There are 2 protein chains.
Amino acid sequence: MEMISIGQYDLIYNAFSFTFATMMAATLFFWFGRSQVGDAYKTAMTVTGLVTAIAAYHYLRIAQSWEEAHVITNGVVTASLIGFNDAYRYVDWFLTVPLLLVELILVMGLSRQETTSKAIRLGLLAALMVGLGYPGEIAISASERWLWGGLSMIPFLWIVYELFVGLSRSVDQQPESARGLVKAAIWVTVLSWSFYPVVFFAGAVGLEGTTALTVVQVGYTIADLIAKAAFGVLIFMIAVRKTEADMLSSPNMGRAQAA
Amino acid sequence: MEMISIGQYDLIYNAFSFTFATMMAATLFFWFGRSQVGDAYKTAMTVTGLVTAIAAYHYLRIAQSWEEAHVITNGVVTASLIGFNDAYRYVDWFLTVPLLLVELILVMGLSRQETTSKAIRLGLLAALMVGLGYPGEIAISASERWLWGGLSMIPFLWIVYELFVGLSRSVDQQPESARGLVKAAIWVTVLSWSFYPVVFFAGAVGLEGTTALTVVQVGYTIADLIAKAAFGVLIFMIAVRKTEADMLSSPNMGRAQAA
């Protein structure tokens, strides 16, 4: 088996370490931000920080597993006897991807009934999407990768439909100062999530060996940073603007809608 | 002795790691949620987070013990010289299962006297239930497993009786907005706890070897996630709704009942 170069090894390791640091920093930013938003948005900020906290844990584990899976001797990389545990990513996504949709629904401040029904439906679709992707990720043949990847696209497209069509009326009801940001958050979700299948299928369209490995590892890392940390900043900005709008329209509204 | 496959090893390890991450995330969610509920329910939220925090600690230990108990060489799993410490589960349950019942009693907001007497009685029954199960878990013969498992069912059935009959009057006194959720919490307790004996007796009814091991480890993990994290979300939702109901009926009632 062709081994990765020391340059590729370092690039991937440093990308993992960078992402751990960014996710931890994002977590603290979101949890400090909790005290700056109205009661109605505190749960959204809690969940936003949980997503990056869970991702930070998994990037720490991924970086450790990456180190344990390789032996470096005089700048030459060889495989150790312990395999690299790539499943950490899927374990992470299984937990965080549903929560990302919950963040968005919570910050939109829908009715309690709509919040519950949309959170459950979108959460289950997201878990299904991730669950169907994993057999494809560990598949050896390209055809299996296409099969599971294709199946995983069904819940993904359903989520896209729900975000653009199912939420459109609720988007129009957002205060004007936050409406553009809510639309941006929906677009960031769809575009950053679209990046995952591109990386996923890179392994099925001729990209091979160590280049494919590097593209997959660094690609997923960049996608995670945008989908979780950058997306979370948008959620915080929306919560701040909606808090301001609530205070202008009725000083007690934030309290009444709590959680 | 038949050794588990690398796929089974990884599935179990990833289930442990997933559960550690979920329990930590749940803990932080519950402790942040403390600031969103009335004074009367803050102790319930503290305890809810303690349960998942204790579970997170034990899952971290279980995952470490699992790693230490095995040696992976080129994708083949062999036993190391150190045994897998399964007792972490019982140590965890001995502490967390009584606390789960305390959570439920605290969030129901009974009189101080009833809270104390029910918490002590149910807590002792739960500790007895776990304590009687352990000799069966480590028993080698199926008959011993049946014996201790059967004895453990006596306090379990007593708890079920207390939840459905002993608490029924108190359930009817809950504010209407929270009553359905309190009933759901009782049902989640009984159903998720019923899953443990099913897993327990899987080892006594013919399921053998590595399949039994995988079913037991993953089964207990799923049961813990439902009984502790999902149950805790219900407790939080009950606390939020009761806080709102208290504020509507009397703005100071939440404060007056503070534990």
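Structural data are supplied above this passage.
Predicted model, so just to flag it, every value in this text is computed and none were measured.

1. Digging into the nonpolar core
Piece 1. Core analysis: the biggest nonpolar cluster contains 151 residues, and Leu-104, Ile-159 and Trp-193 of chain A together with Leu-104, Ile-159 and Trp-193 of chain B have the highest contact counts within it.
Piece 2. Those residues in contact with Trp-193 of chain A that sit more than four places away from it in its chain are Val-97, Leu-100, Leu-101, Met-129, Phe-156, Ile-159, Val-188 and Ala-227 of chain A.

2. Focus on the pattern of salt bridges
Piece 1. Scanning the entire structure with this criterion turns up 15 salt bridges over all chains.
Piece 2. Residue Arg-145 of chain A pairs with Glu-137 of chain A through a salt bridge whose shortest N-O separation is 3.3 Å.
Piece 3. The salt bridge partner of Arg-89 of chain B is Asp-224 of chain B, with a shortest N-O separation of 3.8 Å. Taken together, the residues Arg-89 of chain B in helix α3 (residues 87-108) and Asp-224 of chain B in helix α8 (residues 209-249) connect sequence positions 135 residues apart.

3. Some words on the environment of Leu-100 of chain A
All names here are of chain A.
Piece 1. Structurally, Leu-100 can be placed in helix α3 (residues 87-108).
Piece 2. A residue is classified by how much of its surface remains accessible, and Leu-100, at 3% relative accessible area, is buried.
Piece 3. Between the C-alpha atom of Leu-100 and that of Leu-110, which follows or precedes it by 10 residues, the distance is 16 Å.
Piece 4. Beyond its immediate chain neighbours, meaning those up to four positions away, Leu-100 contacts Val-51, Trp-193, Ala-227, Lys-228 and Phe-231.

4. Observations concerning unusual backbone geometry
Piece 1. For Asn-74 of chain A, which is not glycine, the phi dihedral falls at a positive 50 degrees.
Piece 2. Structurally, Asn-74 of chain A is set in the loop between β1 (70-73) and β2 (76-79).

5. Topic: the interface of chain B and chain A
Piece 1. Across the boundary between the two partners, chain B contributes 21 residues, which contact 23 residues of chain A.
Piece 2. Of all residues in chain B, Phe-18, Phe-32 and Gln-36 of chain B give up the largest surface area on contact with chain A, accounting jointly for 26% of the area buried on that side.
Piece 3. Summed over the shared surface of chain B and chain A, the result is one salt bridge.
Piece 4. Of the charged contacts in the structure, one is a salt bridge between Glu-244 of chain B and Arg-112 of chain A, with a shortest N-O distance of 3.1 Å.
Piece 5. Connecting chain B to chain A are nine residue pairs in polar contact (both at pLDDT 80 or more).
Piece 6. Listed by contribution, the elements that provide at least two residues to the side of chain B that touches chain A are α1 (6-33), β1 (70-73) and α8 of chain B.
Piece 7. With 11 residues, α1 of chain B is the largest single contributor of residues to the side of chain B that touches chain A.
Piece 8. Split by residue class, the side of chain B that touches chain A holds 12 nonpolar, seven polar and two charged.

6. As for the relation of the copies chain B and chain A
Piece 1. For the match of chain B to chain A, the screw axis carries a shift of 0.1 Å, the RMSD comes to 0.1 Å, and the turn is 71 degrees. Taken together, these values place the two copies in the relation of a five-fold axis. For chain B, the minimum C-alpha distance to the rotation axis belongs to Ser-35 of chain B and amounts to 9.1 Å.

7. Structural notes on the pairing of β1 of chain A
Residues and elements named next belong to chain A.
Piece 1. Pairing of β1 with β2 involves four bridges; the strand directions are antiparallel. Bridge pairing links Ile-72 to Val-77 in β2.
Piece 2. The antiparallel hairpin formed by β1 and β2 contains two residues in its connecting segment, where Asn-74 sits at a positive phi of about 50 degrees.

8. Considering the packing of α3 of chain B against helix α4 (residues 112-137) of chain B
All names here are of chain B.
Piece 1. Orientation of α3 relative to α4, taken along the N-to-C sense of each, is 160 degrees, at an axis distance of 9 Å. Accordingly, the angle class assigned to the pair α3 and α4 is roughly antiparallel. Here α3 and α4 pass one another in a crossing that is right-handed. Side by side, α3 and α4 meet where Ala-87, Tyr-90, Trp-93, Phe-94, Val-97, Pro-98, Leu-101, Val-102, Ile-105 and Leu-106 of the first sit next to Thr-115, Lys-118, Ala-119, Leu-122, Gly-123, Ala-126, Ala-127, Met-129, Val-130, Gly-133, Tyr-134 and Glu-137 of the second.
Piece 2. Grouping the amino acids of the contact of α3 with α4 by side-chain chemistry returns 17 nonpolar, three polar and two charged.

9. Topic: the packing of α4 of chain B against helix α5 (residues 142-166) of chain B
Residue and element names in this part refer to chain B.
Piece 1. Their axes nearest at 7 Å, the elements α4 and α5 cross at an angle of 160 degrees. Classified by the angle between their axes, α4 and α5 sit roughly antiparallel to one another. Note on packing geometry: the crossing formed by α4 with α5 is left-handed. Facing Lys-118, Arg-121, Leu-122, Leu-125, Ala-126, Leu-128, Met-129, Leu-132, Gly-133, Pro-135, Gly-136 and Glu-137 of α4, the residues of α5 in contact are Glu-144, Arg-145, Trp-148, Leu-151, Ser-152, Pro-155, Phe-156, Trp-158, Ile-159, Glu-162 and Gly-166.
Piece 2. Partitioned by chemical class, the residues of the contact of α4 with α5 number 13 nonpolar, four polar and six charged.

10. Let's talk about the side chain of Gln-174 of chain A
Piece 1. Considering the arrangement of structural elements, one finds Gln-174 of chain A in the loop between α6 (168-172) and α7 (176-202).
Piece 2. With sequence-adjacent residues up to four places away left out, Gln-174 of chain A is seen in contact with Val-107, Met-108, Arg-179, Val-182 and Lys-242 of chain A.

The rules behind the values
Residues numbered from 1 in each chain as written. Chains lettered and ligands numbered in written order. Predicted model: local features only at pLDDT ≥ 70, side-chain atom pairs only at ≥ 80, totals over all residues. Heavy atoms only, no water. Core = buried A, V, L, I, M, F, W, Y, C linked by side-chain atoms within 4.5 Å. Buried < 20%, exposed > 50% of the residue type's maximum accessible area, 1.4 Å probe, protein only. Contact = heavy atoms within 4.5 Å. Salt bridge = Lys/Arg side-chain N within 4 Å of Asp/Glu carboxyl O. Helix = DSSP H or I, 4+ residues; strand = E, 2+ residues; numbered from the N terminus. Buried area = accessible area lost by both parts, 1.4 Å probe. Polar contact = N/O pair within 3.5 Å; in protein donor to acceptor, adjacent residues only side chain to side chain. Nonpolar A, V, L, I, M, F, W, Y, C, P; charged D, E, K, R; others polar. Least-squares fit on C-alpha atoms with pLDDT ≥ 70 in both. Pairing = 2+ DSSP bridges. Axes fitted to C-alpha atoms, helices over the stretch in contact; angles between N-to-C directions. Parallel < 35°, antiparallel > 145°, perpendicular 65-115°, else oblique. Left-handed = near helix turned anticlockwise from the far one by under 90°.

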